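# What the coordinates show
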Amino acid sequence: MHDRTHTSKRLNGETPPVFRSTDRDPRIDVCRGIALWWIFLDHIPDNVGSWLTLRNYGFCDAAEIFMFISGVTCALAYGRTRQRDGWRGMIARSLRRGWDIYAAFLLLTLGCAVLIYIAGNDLADESNTRVLFERPGATLAHAAILQYRPVNTDVLPVFVICHVLFAPLLWLLLRAPSLTLGLSLLLYALVHVFGLRVPAWPEGVWFFNPLAWQVLVVLGAWYVIEGEKIRRWMSSRAVLVLAALYLAFGLALALGHAIPLMPQTWADHVFPLDKSNLSPLRLLHFLALAVVASWLVPKGWRGLSTPLLRGARCCGENSLPIYCLGVLLVLVSQFDLFDISNRPSMQIAFSLAGILMMIVVAAFLNALSTRRKPAADAVDRDMSAAVTGWKGGDCAGRAALAPQLTAVHMRSTYRP
C-alpha cells in the first residue's frame, strides 16, 4: 500500500518542503561554476578553448544554465528567508542583493573603462566604451538607469530586475505555480510574435531581452516549488529518450559545418539562432540538456568531490565577483601584450590561467567568509545549549527561545 502522506498535494500558499530544509545541493554551485568558466572561455575572441564549452555542440550555451540556476537559487534562498523572517525579511534581502548586483555592474563598467584606457583606447569600439570616453556624463547617467552597458556586462542588469521583482514572483508561485508559469510563457510568446523589446542607449536594444529571458528564471523557481512532481516526470524513460534525441539532433546541426552529418541547408535554416530573445530552439535544447544532466548526475554523485569540481563549486558559491572577474580578464586577453589571436598555445595558456585565477579568488572569498562564521556559530551553540539544557518543567523559557533557535537552524546557505 502507498503512504498517502507522501502523495498528498501541496495546498495553495503552503510552504514547500524544500523551504523548510537546510540541505544544500552541491550540483547547483558546481553547474554555476562551470557555466562561469564557459562564459569566460566563450568571450575570449577566437579562443580554441571555447571548443570545450557547450555552444559548439548544440543550440544553447552557458547563459541559459546561468539564468536557470539563478532562478533556482533565488527560490531557495528567498523562500527559506521568507519561512524564517517573513515577507518583510525576504523583500529586504532581495532588494539588498539587487543593490549588490547594481553596484557591481556600475563598478564593472568603470573597471572596463580603466582597462580600455590602459590599453590606449584600441579596444574602445569592440568593448562599446568609446561613447563613455567621448560623452562620460551622459553615458554614466544612462548606465545608472541600466540603459548603457559595456560588452559582456549585459546579463547583470537583467539580474538586477529579477532580484528586485522576485518577491511578487514568489508570492504568485506559492499560490498559483502553474498559472504563474503560464503567464511567463505567454509573455515569452508575445516577445516572439510581436517583437517586444527593451530599448538601450545610445542605440539598439538590450542584448539579453529581459522580457524573454525571464522565462528561465521563472522556470528555475517553479522547478523548486513543484519539485517532486517535475522530478517524477523528468525521470520517465519516454522524456529521457526524447531529450537525448533532441540533443543528438542539435549536435548534428551544430557540427554540420565541420562534419557532414546532415544536409547543409538544414543548418543554414537554423543558424544563427536568436540569442537576444532566447530562440525557442535554444530553450528546448536547454530543457533537454537539463533532463539528461539530472539523470547522469544524480544527487550525491561521488564525482562532485573531485578537485576540479570542487573548484567549480567554489566559483559557483561566489558567482557575482567571479563573473565580474571573468569580464575583466576577457578584456585583458585582448591586450597587445598577450597577442593570443593567432596563437593557440597562448589561448590555451591564458584560458587555464584565467580559470585558475577564478578558483583562487573564489577560495580566498570563501576563506574570508569562513573567518566571520565562528562568532555566529558560538552564539548558535550557546542558544542551543540554553534550550536543550533546561529541565522539562521550564516550559516558559523553552518557548521563549524556541522560535530563535528554529530561525538559527533554518538559516539559508544559498547565495542568490
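Owing to the predicted nature of the structure, the values given are computational and were not obtained by experimental measurement. What you see as residue numbers is a count from 1 along each chain, following the sequence as written. Totals for whole chains, interfaces and linings use every residue, but because this is a predicted model, local features are given only for residues with pLDDT of at least 70 and side-chain atom pairs only at 80 or more, for both listing and counting. Neither water nor hydrogens contribute to the side-chain values; these are computed over all heavy atoms in the structure.

### Overview of the packing of aromatic side chains
- Pairing of aromatic rings covers Phe, Tyr and Trp, the last through its six-membered ring, and needs centres within 6.5 Å; plane angles under 30 degrees mean stacked, over 60 mean edge-to-face, and all others mean tilted. Counting across every chain of the model gives 13 aromatic pairs.
- Each ring, one from W99 and one from Y102, has its centre 5.6 Å from the other, and the planes form 40°; the classification is tilted. Of this pair, W99 and Y102 both sit in helix α2 (residues 62-118), 3 residues apart, which is roughly one turn of the helix.
- When its relative accessible area of 17% is taken as the criterion, Y102 is described as buried.
- Ring centres 5.2 Å apart and planes at 85° place the aromatic pair F207 and F208 in the edge-to-face group.
- Relative accessibility decides the category of a residue: with a 1.4 Å probe and only protein chains considered, values under 20% of the type maximum give buried, values over 50% give exposed, and everything between is partly exposed. A relative accessible area of 10% means that F208 is categorised as buried. To qualify as a helix, a DSSP run of H or I must reach at least 4 residues; to qualify as a strand, a run of E must reach at least 2; elements of each kind are numbered from the N terminus.

### Thoughts on the environment of D336
- Mapped onto the elements, D336 comes out in the loop between α14 (319-333) and α15 (344-371).
- Judged by relative accessible area, which is 66%, D336 ranks as exposed.
- Measuring from C-alpha to C-alpha, the distance between D336 and D122 comes to 9.4 Å, with 214 residues separating the pair along the chain.

### Describing the packing of helix α1 (residues 26-43) against α15
- Note on definitions: angles span 0 to 180 degrees between N-to-C directions of axes, and those axes are lines fitted to C-alpha atoms, for helices only across the stretch in contact. In contact at an axis separation of 10 Å, α1 and α15 are set at 145° when each is read in the N-to-C sense. The handedness of the crossing between α1 and α15 is right-handed. Contact residues: α1 offers L36, W37, F40 and L41, while α15 offers F350, S351, G354, I355, M358 and I359.
- Note on residue classes: Ala, Val, Leu, Ile, Met, Phe, Trp, Tyr, Cys and Pro are nonpolar, Asp, Glu, Lys and Arg are charged, and everything else, Gly too, is polar. The residue inventory of the contact of α1 with α15, partitioned by class, reads 8 nonpolar, 2 polar and no charged. Each crossing gets its hand from how the near helix is turned against the far one by less than a right angle, where anticlockwise is left-handed and clockwise is right-handed. Note on contacts: a residue pair is in contact if any heavy atoms of the two residues lie within 4.5 Å.

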